[in-house]
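Each chain, written out:
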Amino acid sequence: MAMSWGIIVPLAIGSSLLRDTLCLPPGLWLTMHISLNMFAILCMVVSFGIAVYATNEKTAAGEDPKHFCDLKHGTIGLVIILLDCFSLHSD
């Protein structure tokens, strides 16, 4: 998640903001922007899967892992993942 939000998303935003400054062939900035955003979403979904798996592994057998009972980090993370996935359909 840190790589996605800390590196890939800023690069995607930068490719859009600097499209006139970078002197790229027409349309290449858009291809870069979309590709970087899709890669960021892929990294987020994979990271989310790893987080769910890790939570399941550290939970004792027969107990509820309570994935989203922590109203801070877990719930906010779930909402962000859902918003990112739903934003794919609006493009």
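In case you missed it, the structure is sitting above this.
Reading the values: rules and limits
Residues numbered from 1 in each chain as written. Predicted model: local features only at pLDDT ≥ 70, side-chain atom pairs only at ≥ 80, totals over all residues. Heavy atoms only, no water. Core = buried A, V, L, I, M, F, W, Y, C linked by side-chain atoms within 4.5 Å. Buried < 20%, exposed > 50% of the residue type's maximum accessible area, 1.4 Å probe, protein only. Helix = DSSP H or I, 4+ residues; strand = E, 2+ residues; numbered from the N terminus. Contact = heavy atoms within 4.5 Å. Expected span 1.5 Å × (residues − 1).

A. Highlighting the nonpolar core. Formed by Ile8, Val9, Ala40, Ile41, Cys43, Met44 and Ile81, the largest nonpolar core amounts to seven residues. Here this core gets four residues from one element, more than from any other, and that element is helix 2 (residues 28-58). Among residues more than four places away in sequence, those in contact with Ile8 are Met3, Leu36, Phe39, Ala40 and Cys43.

B. Summary view of helix 2. Taking 1.5 Å per residue as the helical rise, helix 2 with its 31 residues ought to reach 45 Å, and the 45 Å between its terminal C-alpha atoms agrees with that figure. Taken as a whole, helix 2 has its buried residues at Ala40, Ile41, Cys43, Met44 and Ser47.

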